[in-house]
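Working through the structure, step by step
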Amino acid sequence: MPLVPPDSPLLKKTPVARKPATPRKKAAAKPGLKRKVVKKKKPMAMEWKFAIVGLMLILLSPFYYGYIIKGFSSTWRWIKDWGQDPNYRTYSSFDIRIPKMHSIHGIDVSYYQGKIDWRRVKAMKEDEVNVKFAFIKATEGILSVDPYFQRNWREAAKAGIVCGAYHFFRPQKSGEWQAKFFLQTVKFEEGDLPPVVDIEQLNGVDPASMRKELQDFIHYVEKKTKVKPIIYSGLTFYRDYLKGHFDEYPLWIAHYHQAKLKVSGDTNWFFWQHSDKARINGINHVVDFNAFNGDSVAFERLRIPKILSY
């Protein structure tokens, strides 16, 4: 077969003409649809993070709920006491109304209250009201010793309650004999409240004879202890038989369910028994509730500083 020379026109390809490129058409967008633009989320500011964490800590804190509950209780108490003396408020824990003008409170007890859990008495508190002191019955007349006196006298002091002891006076008996019997039963110590004589009845004797025997009792106790005894009585009995006769001695006056003790400004009163229906933790019966007429400095000043043996 003959060879074709390289430069033969037979070996040259005839160029093929190309059609010009047609530009690609964009797909027509469907009517009614718009492409969503996705925005990047900005990072949360550090200040907001701290604020959220702080808010969560507050909401989860028991102190927060305690504050809310306390506020609710205060509001309810305000509604309950609407229209009443704001200085004579109901304390639900104690189940009585208590004068707000006094900051030091206490009770007085005898065998009637039975066996007392003094630690529970000491621990009880509502707002700023708690039992700071207790007067405990020791003796009556010339023969009767309260069966719970020694236990109460010992256990109340152990619980941290300031104690005082009282004698229930019988006017038809010798005042001096009663005083001797009282001091034989009670051994007062430094820090105790002064001795108390409880006089409420004439017991068939005339007022002058009652005052004479009461004077003998007071003089004997003061001579032996070097402490002025406190005289306890009801407001009416005090006005009728005692006022003007024992004014140099501190008074403890009973006058129940009142916002204020209604006595003259020159009355030498230190304690006010304002209720006989208080409910106290650790005591199974109602109790007399008392207020001290003065601040903590006056209260400490009243306590026995030092007592010699008698």
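Below you will find a few notes about this structure.

**So, the overall build of the chain**
Scanning the chain for helices and strands turns up eight helices and 12 strands. The buried share of the chain, taken over its 310 residues, is 40%. Considering only contacts in the chain between residues 6 or more positions apart, those separated by 24 or more positions represent 64%. For the chain, the exposed surface amounts to about 20400 Å²; the carbon and sulfur share of it is 57%.

**So, the side chain of Asn290**
Relative to the assigned elements, Asn290 resides in strand 12 (residues 287-292). On the accessibility criterion, Asn290 (0% relative accessible area) is buried. At 2.9 Å, the side chain of Asn290 and the side chain of Trp252 are in polar contact. Once residues lying within four places of it in the same chain are set aside, the contact partners of Asn290 are Ile104, His105, Gly106, Ile107, Asp108, Phe133, Trp252, Trp272, Gln273 and His274.

**Looking at the packing of helix 6 (residues 207-225) against helix 7 (residues 235-242)**
Working note: a packed helix pair is described by the angle between its axes plus the distance between those axes. Close contact between helix 6 and helix 7 brings their axes to 11 Å; oriented N to C, the two are set at 100°. The orientation of helix 6 with respect to helix 7, classified from their angle, is roughly perpendicular. Across from Pro207, Met210, Arg211 and Leu214 in helix 6, the residues of helix 7 making contact are Phe237, Tyr241 and Leu242. The residue makeup of the contact of helix 6 with helix 7, split by class, is six nonpolar, no polar and one charged.

**Observations regarding the nonpolar core**
Of all hydrophobic cores here, the largest spans 57 residues; its most connected members are Ile107, Trp118, Ile280 and Phe289. Here this core takes six residues from helix 6, the largest share from any one element. In this structure, Phe135, Val162, Tyr232 and Phe299 belong to the second largest nonpolar core, which totals 16 residues.

**Section: helix 6**
Between the first and last C-alpha of helix 6 there are 27 Å, a value that for 19 residues agrees with the 27 Å anticipated at 1.5 Å per step. Burial in helix 6 covers these residues: Met210, Arg211, Glu213, Leu214, Phe217, Ile218, Tyr220, Val221 and Thr225. On its buried side, helix 6 packs onto strand 7 (162-168), helix 5 (175-185), strand 8 (196-198), strand 9 (230-234) and helix 7. Here helix 6 starts with a cap whose side-chain oxygen sits 3.2 Å from the backbone nitrogen of Ala208, and that cap is Asp206. A positive phi of about 60° marks Lys226, the residue just after helix 6.

**Section: the pattern of salt bridges**
Inspection of every chain in the model, using the stated rule, returns 11 salt bridges. In this structure, Asp216 engages Lys212 in a salt bridge whose closest nitrogen and oxygen atoms are separated by 2.9 Å. Of the two residues, Asp216 and Lys212 are both situated in helix 6; the distance of four residues between them amounts to about one turn of the helix. Overall, the relative accessible area of 46% leaves Lys212 in the partly exposed class.

What counts and how
Residues numbered from 1 in each chain as written. Predicted model: local features only at pLDDT ≥ 70, side-chain atom pairs only at ≥ 80, totals over all residues. Heavy atoms only, no water. Helix = DSSP H or I, 4+ residues; strand = E, 2+ residues; numbered from the N terminus. Buried < 20%, exposed > 50% of the residue type's maximum accessible area, 1.4 Å probe, protein only. Contact = heavy atoms within 4.5 Å. Areas by Shrake-Rupley, 256 points an atom, 1.4 Å probe, with all protein chains shown as cover. Polar contact = N/O pair within 3.5 Å; in protein donor to acceptor, adjacent residues only side chain to side chain. Axes fitted to C-alpha atoms, helices over the stretch in contact; angles between N-to-C directions. Parallel < 35°, antiparallel > 145°, perpendicular 65-115°, else oblique. Nonpolar A, V, L, I, M, F, W, Y, C, P; charged D, E, K, R; others polar. Core = buried A, V, L, I, M, F, W, Y, C linked by side-chain atoms within 4.5 Å. Expected span 1.5 Å × (residues − 1). Salt bridge = Lys/Arg side-chain N within 4 Å of Asp/Glu carboxyl O.

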